[in-house]
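Residues per chain are reported as follows:
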Amino acid sequence: MTGIEIVGTGRCVPGRLVTNDDLSRLVDTSDEWIRTRTGIAQRYFCAEGETNAQLAAGAARAALKRAGISAEQIGLCVAATFTADHAMPSLACEVHGALSLPESAPAFDVNAACTGFITALETARSLLAGGSVTGEYALVIGSESISRVLDMTDRNTCVLFGDGAGAAVIRLSDKHDYRCVMGARGDASLLHAGGAASEEHFVHMEGKAVFRFASETVPKCVMQVLDSAKMTMDDIDYVVCHQANGRIIDHVMKKLNAPAEKFYKNMQTYANTSAASIAIALDEMNEKGLLCPGTRVVCVGFGAGLTWGGTLLTF
Ligand code: UT7
């Protein structure tokens with residue numbers, strides 16, 4: 001399998017900081033409940049007039065800057081989201097316009113909910129490897145404005161999510177070990193939101209059932225990635241799970257008998273940003289100097305669909 005090199009990462013969060021205490025003034029909840037049940041302390045919501053496209057373009061610009069390449073060098077733009085500002089055009093096309101990407105670079109969205117960034121990475125890699133796009137680099141974005149589809153009277157969901165965007169500039173590389181596994185279980189009952197045929201605009205989640213699904217699926221997915229690379233947890237520096245709930249991540253580390261230091265967590269700052277969460281985490285880690293040449297990271301996404309996907313990235 002031809003691998004990928006991540007040559008730059010970026011992130012962008014919107015302007016409105018919302019604490020758990022802020023939400024406890026809207027619904028019957030408390031900072032204590034949210035922190036202990038999820039690990040979340042705060043989240044960012046889009047301010048009035050702020051759009052998903054602005055977040056996605058902000059993250060993309062930051063990733064290009066860190067990669068040290070210009071917009072003209074981008075051959076493909078893939079955005080993962082379930083909260084695009086419009087049903088059409090795609091979020092990726094909005095970023096394409098905002099950054100003046102070349103006309104030779106196709107742009108489209110993928111929707112695999114919280115597995116979106118993993119799916120978008122593999123989609124971009126496959127297209128680069130297949131030779132159907134010209135240009136050396138692809139821009140891969142995970143970006144959400146989930147606050148737009150939250151029922152702010154439903155304490156079961158409104159405390160869990162946040163808005164934000166993360167992006168990566170990638171290119172093909174045989175020197176950077178890469179693996180990817182993905183799966184889906186067609187089941188719309190546990191987690192869904194909006195859409196053209198839906199009368200329900202807001203996110204609905206059967207939290208306990210999704211928690212069970214994640215706790216079973218994520219450890220299996222990590223093991224599948226490791227097995228496909230003939231590696232064990234000892235060969236891996238970090239595991240970056242989708243940041244839905246700190247207790248899910250604790251369960252995964254226990255099940256894999258792996259040390260807590262290997263599991264990156266940042267849901268305390270951003271809450272669950274769906275397709276953006278893994279991309280935001282990678283950018284934070286990059287900024288902190290955790291991703292040195294040779295660092296191996298397994299990323300695992302899981303969410304509505306139900307979907308899941310795991311990838312081995314080497315920096
Ligand atoms: O990103 C996609 C993937 N998403 C996930 O992986 C999320 C998976 N699920 C979860 O993270 C957890 O199930 C939740 C955080 C959503 C809920 O935690 P839980 O421990 O499963 O709580 P629960 O739903 O069983 O609710 C326990 C109690 C209930 O009260 P009763 O019925 O025991 O009286 C809820 O009504 O907690 C109550 N509750 C709340 N209390 C205060 C639910 N939400 C809140 C709240 N504040 N915000």
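Chains are numbered independently. Their residues run from 1 in the order of the written sequence. Note on the predicted model: pLDDT of at least 70 is required for a residue's local features to be given, and 80 or more for side-chain atom pairs to be given and counted; whole-chain, interface and lining totals, by contrast, use all residues. Calculation of side-chain values draws on the structure's entire complement of heavy atoms; hydrogens and water are dropped beforehand.

If you look the protein chain up in an unreviewed UniProt entry, it shows as Beta-ketoacyl-[acyl-carrier-protein] synthase III from Candidatus Ruthenibacterium merdavium. If you open the UniProt record of the protein chain and go to Sequence similarities (unreviewed entry), you find "Belongs to the thiolase-like superfamily. FabH family." Word for word, the UniProt comment on the protein chain under Subunit (unreviewed entry) is "Homodimer." UniProt positions are given in the numbering used here, feature names are shortened, and annotations may be inferred rather than shown by experiment.

Caption draft 1: Quick peek at the pairing of strand E3 (residues 42-45). Per-residue accessibility, obtained with a 1.4 Å probe over protein chains only, is compared with the maximum for each type, and a residue is labelled buried under 20%, exposed over 50%, and partly exposed between these values. Runs of E in the DSSP output that reach at least two residues are strands. Runs of H or I that reach at least four are helices, and both are numbered from the N terminus. The two faces of E3 match: Gln42 and Tyr44 on one face and Arg43 and Phe45 on the other face are all buried. By the convention used here, strands pair only if DSSP detects at least 2 bridges between them. Bridge analysis of strand E2 (residues 16-19) against E3 gives 4 bridges, and the strand direction is antiparallel. Directly across from Arg16, in E3, lies its bridge partner Phe45.

Caption draft 2: Here's a closer look at the packing of helix H3 (residues 52-67) against helix H4 (residues 91-99). Think of each axis as a best-fit line through the C-alpha atoms, taken over the contacting stretch in the case of a helix, with angles from 0 to 180 degrees between the N-to-C directions. Packing of H3 against H4 leaves a shortest axis separation of 9 Å and a crossing angle of 60°. For the element pair H3 / H4, the angle class is oblique. For the element pair H3 and H4, the recorded crossing hand is right-handed. Between H3 and H4, the contacting residues are Asn52, Ala53, Ala56, Ala57, Ala60, Arg61 and Leu64 on the first element and Leu91, Glu94, Val95, Ala98 and Leu99 on the second. Under this grouping Gly is polar, as are all residues other than the nonpolar Ala, Val, Leu, Ile, Met, Phe, Trp, Tyr, Cys and Pro and the charged Asp, Glu, Lys and Arg. Class assignment for the residues of the contact of H3 with H4 results in 9 nonpolar, 1 polar and 2 charged. Angles below 35 degrees are treated as roughly parallel, those above 145 as roughly antiparallel, those between 65 and 115 as roughly perpendicular, and all remaining angles as oblique. Helix crossings fall into two classes, left-handed where the near helix is turned counterclockwise from the far one by less than a right angle and right-handed where it is turned clockwise. Working rule for contacts: check all heavy atoms of both residues, and any pair within 4.5 Å makes them a contact.

Caption draft 3: A look at the pattern of salt bridges. Salt-bridge detection follows one rule: a side-chain nitrogen of Lys or Arg within 4 Å of a carboxyl oxygen of Asp or Glu. This structure, assessed with the given rule, holds 12 salt bridges. Among the salt bridges present, the one from Asp283 reaches Arg11, with a minimum N-O distance of 2.8 Å. With Asp283 in helix H10 (residues 277-287) and Arg11 in strand E1 (residues 3-12), the pair connects residues that are 272 residues apart, well separated along the chain. The class for Arg11 is partly exposed, based on a relative accessible area of 25%. Of the charged contacts, one joins Asp283 and Arg66 as a salt bridge, the two residues approaching to 3.6 Å between their closest N and O atoms. Remark: Arg66 occurs in helix H3 and Asp283 occurs in helix H10; sequence separation between them is 217 residues. Salt bridges sharing common partners tie together Arg11, Arg66, Asp283 and Glu287.

Caption draft 4: Representation of the environment of Ile146 within the structure. Within the fold, Ile146 resides in the loop between strand E6 (137-144) and helix H6 (155-158). Overall, Ile146 belongs to the buried group, its relative accessible area being 0%. Residues Ile146 and Lys262, 116 residues apart in the sequence, show an inter-C-alpha distance of 28 Å. Filtering out sequence-adjacent residues up to four positions away, Ile146 remains in contact with Phe82, Thr83, Phe161, Gly162, Asp163, Val203, Asn272, Thr273 and Ser274.

Caption draft 5: Representation of the site of the ligand within the structure. We call a residue near a molecule or strand whenever a single non-hydrogen atom of that residue lies within 4 Å of it. Close to the ligand lie 23 residues, the nearest being Thr29, Arg37, Lys208, Asn245 and Asn272. Distance and chemistry together define a polar contact, namely a pair of N or O atoms within 3.5 Å, with one atom able to donate a hydrogen and the other to accept it when in protein, and with adjacent residues in sequence counting only for side-chain atoms on both sides. Within the side chain of Trp33, a nitrogen or oxygen atom sits 3.3 Å from a nitrogen atom of the ligand. Within the contact set of the ligand, an oxygen atom lies 2.9 Å away from a side-chain nitrogen or oxygen of Arg155. We get accessible surface area from the Shrake-Rupley algorithm with a probe of 1.4 Å; when it comes to residues, only the shown protein chains can shield them. Here the ligand loses 75% of its free accessible area of 950 Å² to cover by the protein chains. Looking at the shell around the ligand, the elements with two or more residues in it are helix H2 (31-38), H6, helix H7 (207-228) and helix H8 (246-255). With 4 residues, H7 is the largest single contributor of residues to the shell around the ligand. Looking at side-chain class alone, the shell around the ligand contains 11 nonpolar, 7 polar and 5 charged residues.

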